[in-house]
Amino acid sequence: MTISVPIISLARINDPEGRKEIAKAVGAAARSSGFMQVVDHGISEDLIAETFDVSKRVFALPLEEKVKYTRNPNTNRGWDALGGQALKGAIGVGHDDQEKTTEASADSDMKEGWMVGPHGVDESFEYWGRFGHGKNAFPPEEQVPGMEDVMRRYYDSILALATSFMKIVAISLDVSEDTFDSLCRLPAAAIRLLHYPAEEEGTGAGAHTDFGMCTMLSTDGNPGLELYAGGVWSAIEPVPGAYIVNVGDILSLYTGGEYKSSLHRVQNRSGVERYSIPFFLDGNSDILVAPTRGPGLGKYPAVTVEQHLRTKFDASYYDKSTEDIMKSVVQAPGM
Ligand SMILES: O=C(O)CCC(=O)C(=O)O
Ligand SMILES: [Fe+2]
């Protein structure tokens, strides 16, 4: 089964009337499945193609090279081995179908990843040493020529897009456009290059909700992403050139569940390898988030972005039992 999520053009994002119209569409999508596809986003096709090219080249390195850049669990930068994560542990409480969807995912994700954050972070950075901040891990230039440069340019572009998208989200909630500025300041945020082998069974990315404010996903066009809606898993078909954008837990929590952080997963049955590149705008580590409206108002405790990320990363990495994982999942009004 296939599900179509709203396709929203950002062409009129710089025009006051256009902004209101975009915000209306974004609000409707966020209150429905929390997923949408965004076109006319201004990120050049060439830059996206260059980023996919880098991704293919870095994953093609021999295992003994990639292992040198194994993801640092504190900074959240570097390479994740195939099967190194089980996203099925990362489900916000409040999902009635939690157990069912957990059973529906394999114990580890059949994907490898490479997490990349902003360029040039060093000891002088305000959040140095804090979770989700730190130095990128790149192979030497001669092994993957251009990787650092391409990733820096892609990071800057996608962060700018996600930050301006959050202003539209603010308009859609009828609050001041600068409402999310503090959440967008020096945010924990990362690009994740992902590579899924073709699999006849198993799960590429287990059922989960995204952790932060919003996710902007580019895919190579191969299907595999599925959304859990109305009690069934349905495929989202990527519109060529569009970003698949979805609400994460932090934004859902802020809206008391009015905006949905929906369950999704990846199963790559396409018969070919699949590459995708999500960007996660998680938020400023120190900002305390609690429901300001919606059905969850007064029901869910406030958490800082850092606490929430830590809990969800801890829940989805390393070989914990499902029971342990479920115990450590933070309360977030997913649906
Ligand atoms: O690869 C995809 O299509 C989605 C990946 C995803 O959901 C995630 O990394 O959070
Ligand atoms: Fe996701």
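Here, every reference points to the structure presented above.
Conventions used here
Residues numbered from 1 in each chain as written. Chains lettered and ligands numbered in written order. Predicted model: local features only at pLDDT ≥ 70, side-chain atom pairs only at ≥ 80, totals over all residues. Heavy atoms only, no water. Helix = DSSP H or I, 4+ residues; strand = E, 2+ residues; numbered from the N terminus. Buried < 20%, exposed > 50% of the residue type's maximum accessible area, 1.4 Å probe, protein only. Expected span 1.5 Å × (residues − 1). Arc of directions from axis to C-beta. Contact = heavy atoms within 4.5 Å. Pairing = 2+ DSSP bridges. Axes fitted to C-alpha atoms, helices over the stretch in contact; angles between N-to-C directions. Core = buried A, V, L, I, M, F, W, Y, C linked by side-chain atoms within 4.5 Å. Phe/Tyr/Trp six-rings, centres within 6.5 Å; stacked < 30°, edge-to-face > 60°. Lys NZ or Arg CZ within 6 Å of the ring centre and 35° of its normal.

*Asks:* Looking at this structure, how should I read unusual backbone geometry?
*Replies:* Trans peptide bonds make up the majority, and among non-glycine residues the majority have a negative phi. Look at D40: it is not a glycine, yet its phi comes out positive at around 55°. Its place among the elements puts D40 in the loop between β3 (35-39) and α2 (45-59). Judged by its relative accessible area of 47%, D40 is partly exposed. Backbone geometry places N76, a non-glycine residue, at a positive phi of 65°.

*Asks:* It is not clear to me how helix α1 (residues 16-31) should be interpreted in this structure. Could you clarify?
*Replies:* Helical periodicity: at 3.6 residues per turn, an α-helix aligns residues three or four positions apart in one direction. Look at α1: 23 Å from first C-alpha to last across 16 residues, which is about the 22 Å you get at 1.5 Å a residue. Within α1 the residues assigned to the buried category are G18, R19, I22, A23, V26, G27, A29 and A30. Seen along its axis, α1 keeps its buried residues to an arc of 165°; they face one direction. Seen from the open side of α1, the exposed residues pointing more than 90 degrees away from its buried face are K20 and K24. Tucked inside the fold, the buried residues of α1 contact β2 (7-9), β3, α5 (147-172) and β11 (243-247).

*Asks:* Help me out: how do you make sense of the sheet that holds strand β5 (residues 112-116) in this one?
*Replies:* Hydrogen bonding along the main chain pairs the strands of a sheet, whether they run parallel or antiparallel. Ordered by their spatial adjacency, 8 strands build an open sheet running β2-β3-β11-β8-β13-β6-β5-β4, and the pairing between neighbours is mixed. The strands lining the two open edges of the sheet, one partner per strand, are β2 and β4 (78-80). Going across the sheet, the axis of each strand differs from the next one's by a mean of 25°, ignoring polarity. Where α5 meets the sheet, its contacts fall on β3, β5, β6 (188-196), β8 (214-219), β11 and β13 (274-283), and the angle it forms with β13 comes to roughly 55°.

*Asks:* Can you help me understand the nonpolar core in this one?
*Replies:* Judged by nonpolar contacts, the single largest core of 85 residues is most densely connected at F180, I191 and L281. For this core, the element with the highest residue contribution is α5, accounting for 14 residues. What L281 contacts, discounting residues up to four positions off in sequence, is L159, A162, T163, M166, C184, P187, A188, A189, G212, M213 and C214.

*Asks:* How should the packing of aromatic side chains be read in this particular structure?
*Replies:* Aromatic ring pairs: the centre-centre distance and the angle between the two ring planes describe each pair. Under the criterion given, the structure shown has 7 aromatic pairs. Three or more aromatic residues joined by ring pairs make a cluster, and in this case those are F131, F211 and F313. Residue placement shows K56 over the ring face of Y275; its charged tip is 5.3 Å from the ring centre. For the cation-ring pair, R265 lies above W233, with the distance from its terminal atom to the ring centre recorded as 4.2 Å.

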